[in-house]
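The chain contents come next:
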Amino acid sequence: MDLLALADFTLVARHGGFGRAARAAGRPKATLSRRVAELEASLDVRLFERGARMVKLTEEGRALFARTGQLLTELDETVAAIASGGETPRGRLRISAPLLFSQTAMGKLAAGFALQYPNVRLEITAEDRPVDMVEEGYDLAIRVNPTPDETLVGRIFLRDRLVVAASPDLALPTDNSAAPAIVRGPIAQDEAWNVTTRAGKSRIAVHPMLSLSSLVMVRDAVRMGVGAAKLPVSLVGNDLAAGRLVSWGDVEGPQIALWTLYPSRRLLSARVSAFLDFLKAAFPQGAPEELAAYLG
């Protein structure tokens, strides 16, 4: 197989069209089109569906790009590393991270990483939607309890848990009456929270007073004493330690785990490895109290 033709195919796939690829690489559009056509002929498959104004990868093209895109990037990085005499992290590092983690921690993390690795151009997008790392060109994704994906390698770097937090001025009902509550998302009738305390398990009946779309907004409303809410320890740990909030118990349910995910491959780029090590150094135990202290 012609490696140069494969590289031209990857260039066109990454930029989403022959014209954009030609402008980005400073090469003739006709040359790219010819070389991709030669690759299609050698493989006897069609890699792009060509329209009047756009091109789209075929199923075979997507499969080839998923494999070759990262491999060719690794080859370029290896050549650059050998030429520069080492594995110094450099180049662009694109990361997709959850909205809450981005709002509370990623700004500080990104600044620290940039100071330590000035040759890396860090780009972080805050989003909760699932992303196609290969199609969208991400090097790393941070996700909460992600669904298994055999095309990705992952590791847990932080764990968290939910507690029912409230203002010290708000008393926990002892007569089975409903406690005022703040919820994230739609309000459900007859809602109740199962919690575990030192005394054992209990069930807290609640009457939702507010519905907010952000956990940061929920926490701020809890601080005002409007009601109790289920919140991650990492977000309220400092308030609990200072006595600004109290815990009514740990919420029963699956543990919250933050994962770092990257495309499955044998070689890992120096910049991705550096960021993984940076996260490990920031949260060596991976405990929610570490994140709370980091945010504080």
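Here, every reference points to the structure presented above.
In every chain, residue numbers begin from 1 and rise along the written sequence. Where totals are concerned, whole chains, interfaces and linings use all residues; where local detail is concerned, this predicted model gives features only for residues with pLDDT of at least 70, and gives and counts side-chain atom pairs only at 80 or more. To get the side-chain values, all heavy atoms of the structure are used, and hydrogens and water are removed first.

**Student:** Please give an account of the packing of aromatic side chains that cites residues and values.
**Tutor:** Here a Phe, Tyr or Trp ring, Trp counted by its six-membered ring, pairs with any other such ring whose centre lies within 6.5 Å, and the pair is stacked when the planes are under 30 degrees apart, edge-to-face when over 60, and tilted otherwise. Summed over all chains, the structure comprises 8 aromatic pairs. Judged by centre distance (5.6 Å) and plane angle (80°), the ring pair of F113 and F278 falls under edge-to-face. Here F113 is found in helix α5 (residues 99–116), whereas its partner F278 is found in helix α9 (residues 270–282), with 165 residues between them in sequence. F278 shares its class with F113; the two are buried. Their ring planes at 40° and their centres at 6.4 Å tell us that F157 and F283 sit as a pair that is tilted. Placement of the pair is F157 in strand β6 (residues 152–160) and F283 in the loop between α9 and α10 (288–295), with a sequence separation of 126 residues. Pair check on accessibility: F157 and F283 agree, each one buried. Aromatic ring contacts, followed pair by pair, group F101, F157, F283 and Y294 into a single cluster. Think of it as a cone above the ring: NZ of Lys or CZ of Arg counts as a charge over the ring if it is within 6 Å of the ring centre and within 35 degrees of the ring normal. Sitting over the ring of Y138, R94 keeps its end group 4.3 Å from the ring centre. Note on conventions: DSSP H or I runs of at least 4 residues are helices, E runs of at least 2 residues are strands, and numbering of each starts at the N terminus. Summary of the burial criterion: residues with accessible area below 20% of their type's maximum are buried, those above 50% are exposed, and those between are partly exposed, where the area comes from a 1.4 Å probe applied to protein chains only.

**Student:** Just give me the short version of the sheet that holds strand β7 (residues 162–166), but keep the residues and values in it.
**Tutor:** By this definition, two strands are paired if DSSP reports at least two bridges between them. Read across the sheet, 6 strands follow the order β8-β10-β9-β12-β7-β11 without closing on themselves; strand pairing throughout is mixed. Looking at which strands have only one partner, the edges of the open sheet turn out to be β8 (179–184) and β11 (229–232). In this sheet, neighbouring strand axes are inclined to one another by 55° on average, regardless of whether the strands run parallel or antiparallel. Inspection of the sheet shows β7 paired to strand β12 (residues 246–251) by 3 bridges, in the antiparallel sense. Across the sheet, A166 pairs through a bridge with V246, a residue of β12. Contact between two residues is taken to exist if any of their heavy atoms lie within 4.5 Å; hydrogens are not considered. Interaxial angles span 0 to 180 degrees and are taken between N-to-C directions of axes, which are lines fitted to C-alpha atoms, for helices over the stretch in contact. In the packing of helix α7 (residues 215–223) onto the sheet, the strands contacted are β7, β8, β10 (200–212) and β11, and the crossing angle to β11 comes to about 120°. Together, β7, β11 and β12 form the strand contacts of helix α8 (residues 233–242), whose direction differs from that of β11 by roughly 100°.

**Student:** Lay out the packing of helix α1 (residues 3–15) against helix α3 (residues 29–43) in plain terms, naming residues and giving numbers.
**Tutor:** For the pair α1 and α3, interaxial distance at closest approach is 9 Å and the crossing angle is 115°. As α1 packs across α3, the resulting crossing turns out to be left-handed. The segment α1 lies against α3, with L4, A5, L6, D8, F9, L11 and V12 engaging L32, R35, V36 and L39. All amino acids are sorted into three groups, where Ala, Val, Leu, Ile, Met, Phe, Trp, Tyr, Cys and Pro are nonpolar, Asp, Glu, Lys and Arg are charged, and the leftover types, Gly among them, are polar. Broken down by class, the residue content of the contact of α1 with α3 amounts to 9 nonpolar, no polar and 2 charged. Crossings are classed by handedness, with left-handed meaning an anticlockwise turn of the near helix from the far one by less than a right angle and right-handed meaning a clockwise turn.

**Student:** Describe helix α2 (residues 18–25), naming the residues involved and giving the relevant values.
**Tutor:** F18, G19, A21 and A22 are the residues of α2 that are buried. Around the axis of α2, the buried residues are gathered within 165° of arc, so they sit on the same side. Those residues of α2 that are buried lie in contact with α1, α3, β1 (48–50) and β2 (55–57). Directly after α2, the chain includes G26, whose backbone phi takes a positive value near 70°. Directions are taken from the helix axis to each C-beta atom, and the arc is the one they span.

**Student:** Go over the environment of V251, please, and point to the residues and values.
**Tutor:** Within the secondary structure, V251 sits in strand β12. C-alpha of V251 to C-alpha of V55: the two residues are 196 residues apart in sequence and 50 Å apart in space. In this structure, V251 is in contact with L162, V163, V164, N194, V195 and K230, ignoring residues within four places of it in sequence.

**Student:** Explain the pairing of β7 to me, and be specific about the residues and the numbers.
**Tutor:** Within β7, 4 of the 5 residues are buried, which leaves the element mostly enclosed by the surrounding structure. Strand direction decides the pairing type here: β7 and β11, joined by 4 bridges, are antiparallel. Bridge pairing links V163 to L231 in β11.

Read these as geometric descriptors, not functional statements.
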